[in-house]
Amino acid sequence: MKTEDILEKFKKDEISKEEALRFFARQPFDDLGFAKTDTHRETRQGAYEVVFCQGKEDDFLVKIYQRLLEENGEVFGTRASTHQYELVKKYIPEITYDSVSRILKYEKEGKERIGNVAVVTAGTADIAVAEEAAQTAEHFGCNVKRIYDVGVSGIHRLLAHVDEINEANCVIAIAGMEGALASVVAGLVKNPVIAVPTSVGYGASFEGLSALLTMINSCANGITVVNIDNGYGAAYSAAQINRLAEKK
């Protein structure tokens, strides 16, 4: 439960002074033995802890999901498998899973979304990473415009969407192969561009390393680069930029 919720409940006499004090006396994390869930993160950073599902033991994953849902009223995880979805669903029937983005989540209905984040991909092979980014940004309160398959091999497709992309407070540009899309986008728009290299490509792309190096070495201004296939990291930063833009 958020600090603001505790204070509001105390103000309305819905909880006692002792109950409120017990909440504030707790450690800012819950020690589950195998994991320490960061229940203080939303107070500190403005967004609660997200679960990286890949590689987690079944029982650990279930208990982490249950604890975060209890604490936040929502739970959001990335890089989940179908097996993990089926497992968690036994304990949280309302959980949903998207096989493209591999996001496993339960979120409140009717969430308010603000601003505008554009998610742009070079090809359809990049959509899995793009959907991880788009759905993360939406979960953290952003309106998202998806513009897919507009890579430099047919640059007229990108140019047809320049006005839409320019309306965004932040752009996430996602590309594999040689990763040129991010440089081209950054040369066309006025707002920040977060570049995401993907592991899409033939052998000399070195599973995304070629695209990563291209993006890091871009001569276009305003580009920030995240790690290979890190749609989540790009979206989290984009959501922060979007919130600041809307505040202004």
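For the structure itself, consult the block above.
As a starting point, this report considers the structure included with it.

Thresholds, definitions, all that
- Residues numbered from 1 in each chain as written.
- Predicted model: local features only at pLDDT ≥ 70, side-chain atom pairs only at ≥ 80, totals over all residues.
- Heavy atoms only, no water.
- Buried < 20%, exposed > 50% of the residue type's maximum accessible area, 1.4 Å probe, protein only.
- Helix = DSSP H or I, 4+ residues; strand = E, 2+ residues; numbered from the N terminus.
- Pairing = 2+ DSSP bridges.
- Right-handed = clockwise from strand over helix to strand, strands pointing away.
- Salt bridge = Lys/Arg side-chain N within 4 Å of Asp/Glu carboxyl O.
- Axes fitted to C-alpha atoms, helices over the stretch in contact; angles between N-to-C directions.
- Contact = heavy atoms within 4.5 Å.
- Left-handed = near helix turned anticlockwise from the far one by under 90°.
- Nonpolar A, V, L, I, M, F, W, Y, C, P; charged D, E, K, R; others polar.
- Phe/Tyr/Trp six-rings, centres within 6.5 Å; stacked < 30°, edge-to-face > 60°.
- Patch = residues over 30% accessible without salt bridge, like charges linked within 9 Å, V, L, I, M, F, W, Y side chains within 5 Å.
- Areas by Shrake-Rupley, 256 points an atom, 1.4 Å probe, with all protein chains shown as cover.
- Polar contact = N/O pair within 3.5 Å; in protein donor to acceptor, adjacent residues only side chain to side chain.

## A short note on the pairing of strand E10 (residues 193-197)
No. 1: Within E10, five of the five residues are buried, leaving the element largely enclosed by the surrounding structure.
No. 2: Burial along E10 is two-sided: Val-193, Ala-195 and Pro-197 and Ile-194 and Val-196, pointing in opposite directions, are all buried.
No. 3: Where strand E9 (residues 170-175) and E10 come together, five bridges link them in parallel fashion. Note that in E10 the partner of Ile-174 across the bridge is Val-196.
No. 4: For the handedness criterion, the β-α-β arrangement of E9, helix H9 (residues 181-186) and E10 is classed as right-handed.
No. 5: Pairing of E10 with strand E11 (residues 223-225), which is carried by three bridges, proceeds in the parallel orientation. What sits directly across from Ala-195, in E11, is Val-225.
No. 6: Once you follow E10 into helix H10 (residues 209-216) and on to E11, the crossover reads as right-handed.

## Some words on the pattern of salt bridges
No. 1: Going through the model one piece at a time under the given rule, you end up with 13 salt bridges.
No. 2: Put simply, Arg-146 and Glu-138 hold a salt bridge, and the shortest N to O gap is 2.9 Å.

## Quick word on the sheet that holds strand E7 (residues 114-121)
No. 1: Strand order in the open sheet formed by five strands is E8-E7-E9-E10-E11, with parallel pairing between adjacent strands. The open sheet is flanked by strand E8 (142-147) and E11, the only strands paired with a single partner. Strand-to-strand twist in this sheet, taken as the mean axis angle between neighbours without regard to direction, amounts to 25°.
No. 2: The pairing of E7 with E9 spans five bridges and is classified as parallel. The partner of Val-117 across the bridge, within E9, is Cys-170.
No. 3: Of the strands in this sheet, E7, E8, E9 and E10 are in contact with helix H6 (residues 127-139), which crosses E8 at around 160°.
No. 4: Taken strand by strand, H10 contacts E9, E10 and E11, and its axis lies near 155° from that of E10.

## Overview of the packing of H6 against helix H11 (residues 231-247)
No. 1: Closest axis-to-axis distance for the H6/H11 pair is 8 Å, and the angle between their directions is 35°. Here H6 and H11 pass one another in a crossing that is right-handed. Contacts from Val-129, Glu-132, Ala-133, Thr-136 and Ala-137 of H6 reach H11 at Gly-231, Tyr-232, Ala-235 and Tyr-236.
No. 2: Here the contact of H6 with H11 is composed, by residue class, of six nonpolar, two polar and one charged.

## Topic: the pairing of E8
No. 1: Note that E7 and E8 share five bridges and pair parallel. Bridge pairing in E8 links Ile-114 to Cys-142.
No. 2: Handedness of the crossover is the feature at issue here: the chain leaves E7, passes through H6, returns alongside E8, and the resulting connection is right-handed.

## Points about the packing of aromatic side chains
To describe a pair of aromatic rings, you give the distance between the ring centres and the angle between the ring planes.
No. 1: The final tally for this structure, using the stated rule, is four aromatic pairs.
No. 2: Measuring from ring centre to ring centre gives 6.2 Å for Phe-76 and Phe-140, while their planes differ by 50°; the resulting arrangement is tilted. Residue Phe-76 is found in strand E4 (residues 75-78), and its partner Phe-140 is found in the loop between H6 and E8; the two are separated by 64 residues along the sequence. Both residues of the pair, Phe-76 and Phe-140, count as buried.
No. 3: Relative to Tyr-97, the ring of Tyr-85 has its centre 5.4 Å away and its plane inclined at 15°; by these criteria the two rings are stacked.

## Regarding a nonpolar patch on the surface
No. 1: On the surface, Val-152, Ile-155, Leu-159 and Leu-188 cluster together into a nonpolar patch covering about 290 Å² of accessible area.
No. 2: Inspection of the secondary structure puts Leu-188 in the loop between H9 and E10.

## Overview of the side chain of Glu-71
No. 1: With respect to the helices and strands, the residue Glu-71 is situated in helix H4 (residues 58-72).
No. 2: Glu-71 gets classed as buried once you look at its relative accessible area, which sits at 7%.
No. 3: For Glu-71, the side chain forms a polar contact with the side chain of Arg-67, separated by 3.0 Å.

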